[in-house]
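A structural walkthrough
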Number of protein chains: 2
Amino acid sequence: MTSRAEDESCLAVAGRQRACRHYTDAAVDDAIITELLRVACCAPSSQNQQPWRFVVVRDDETRAAFGELMREIWERFGRRFSEGTLEPALFREVDEGVGGGGLAKAPVHIVVGGDSSVLDRSQLASSVFPAVQNLLLAATALGLGSCLTTIATLRADDVRALVGFPPEIDPLAIVPIGYPARPLGPPRRNPVESNSSRERYGVPWA
Amino acid sequence: MTSRAEDESCLAVAGRQRACRHYTDAAVDDAIITELLRVACCAPSSQNQQPWRFVVVRDDETRAAFGELMREIWERFGRRFSEGTLEPALFREVDEGVGGGGLAKAPVHIVVGGDSSVLDRSQLASSVFPAVQNLLLAATALGLGSCLTTIATLRADDVRALVGFPPEIDPLAIVPIGYPARPLGPPRRNPVESNSSRERYGVPWA
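The text that follows walks through the structure, step by step, so that each part is easy to find. (Residues numbered from 1 in each chain as written. Chains lettered and ligands numbered in written order. Predicted model: local features only at pLDDT ≥ 70, side-chain atom pairs only at ≥ 80, totals over all residues. Heavy atoms only, no water.)

As a further point, take the interface of chain B and chain A. If you look at the interface, chain B gives 75 residues, while chain A gives 75 residues. In this assembly, chain B packs against chain A so that about 6,700 Å² is buried in total across both faces, 56% of it on carbon and sulfur atoms. Our count for the chain B to chain A interface comes out at two salt bridges. Note that Arg198(A) is salt-bridged to Asp30(B), the shortest N-O span being 2.8 Å. In this structure, the connection of chain B to chain A is made through 38 residue pairs in polar contact (both at pLDDT 80 or more). Those elements that place two or more of their residues in the side of chain B that touches chain A are helix H1 (4-16), helix H2 (30-40), strand E1 (52-57), helix H3 (60-85), helix H5 (121-141), helix H6 (156-163) and strand E5 (196-198) of chain B. Sorting elements by how many residues they give to the side of chain B that touches chain A places H5(B) first, with eleven residues. The residue inventory of the side of chain B that touches chain A, partitioned by class, reads 39 nonpolar, 21 polar and 15 charged. Relative to E1(B), strand E5 (residues 196-198) of chain A runs parallel, the two being bridged by three bridges. In the sheet register, Ser196(A) faces E1(B), and the bridge partner there is Phe54(B). (Contact = heavy atoms within 4.5 Å. Buried area = accessible area lost by both parts, 1.4 Å probe. Salt bridge = Lys/Arg side-chain N within 4 Å of Asp/Glu carboxyl O. Polar contact = N/O pair within 3.5 Å; in protein donor to acceptor, adjacent residues only side chain to side chain. Helix = DSSP H or I, 4+ residues; strand = E, 2+ residues; numbered from the N terminus. Nonpolar A, V, L, I, M, F, W, Y, C, P; charged D, E, K, R; others polar. Pairing = 2+ DSSP bridges.)

Next comes the structure, spelled out in structure tokens:
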């Protein structure tokens, strides 16, 4: 059905996915957003309940409100915590993206909810974040920038009010989407060996 | 860097990912498992903390213990709940896979933990399930069967004991990996329109 080379290119897309925190204001067509959502909706979920709910937001005021919400939470809790734990380059990037409004400039924000009327709340994250990752990979494959953010969901009721989610839908993520304003480097990740064990935790995989 | 055709093949892999619940006993080489882990480790995570911890289990006794754990939880809670909610074909498939030991036959089980010493427990799922999804997509791309299961994690301490996770590592998933014993059909998913809204929840996307 697919060639070995094609399959390898899929793995390559995962290898160049990277959080984008600076966007141009070029519009993203509906057809492209539909394609991202289509790929997201292929993901697995507990009992195939597909609890993901997406709201695609282009409205300037709503996006500005998301940006303000993220900025407030970042100023109040995030910055102080992160300044001590992040490496300085990443801290500056996050601080510009969340605190400085870089993310808010993305022309599309996809708000991702989990519907607790179809799955217990304890199962929502494991059945929604695979779909979010599909969405991020599809964006990467199509040359778009994206960023998985969860900070705004600390004020779930504010996000619910902004997009009209009923109480049974939990906001789980907001994903800004747009064209990258700067080239994205490769992701900086620890090697497999640092996170992987053979048979028992702590026995080196390789 | 990549061609449009290559990017489209990445999206196609997402489109043919499907839970596999029947495996041959053909071994899966270490090199292939390493490739799956490498792709998993490319995923995004909160503050790039990469809280995923993988234990690759081939040991017969440990895999049998996972199978027994899943079966017990399924018999006690899952079957009764699922029989009423799942469509009959999917119920039979899950019942054979979890209750009937289909999953336990997979020659490799990857136990996925989230390390609460690097991220708050409230943030682990959103920073671990994207990596799990990368792993599942890589398995699909390479012709392997896989299945995202979380049922065993309802008895977290039992899973911890089986793989030696310390108390600060939460077991979040067990992913059986192997070659499919039967051809996998395409995933059965609701159309994008049923899950997606424009600007406000409930306003049709398309």
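What follows concerns the relation of the copies chain B and chain A. In summary, the two copies of the chain are related to each other by a rotation about an axis coupled with a shift along it. When chain B is fitted to chain A, the residual RMSD is 0.0 Å, and the transformation amounts to a turn of 180° plus an axial shift of 0.0 Å. Taken together, the rotation angle and the small translation identify this as a two-fold axis. It is Cys10(B) whose C-alpha, among those of chain B, lies nearest the rotation axis, at 2.1 Å. (Least-squares fit on C-alpha atoms with pLDDT ≥ 70 in both.)

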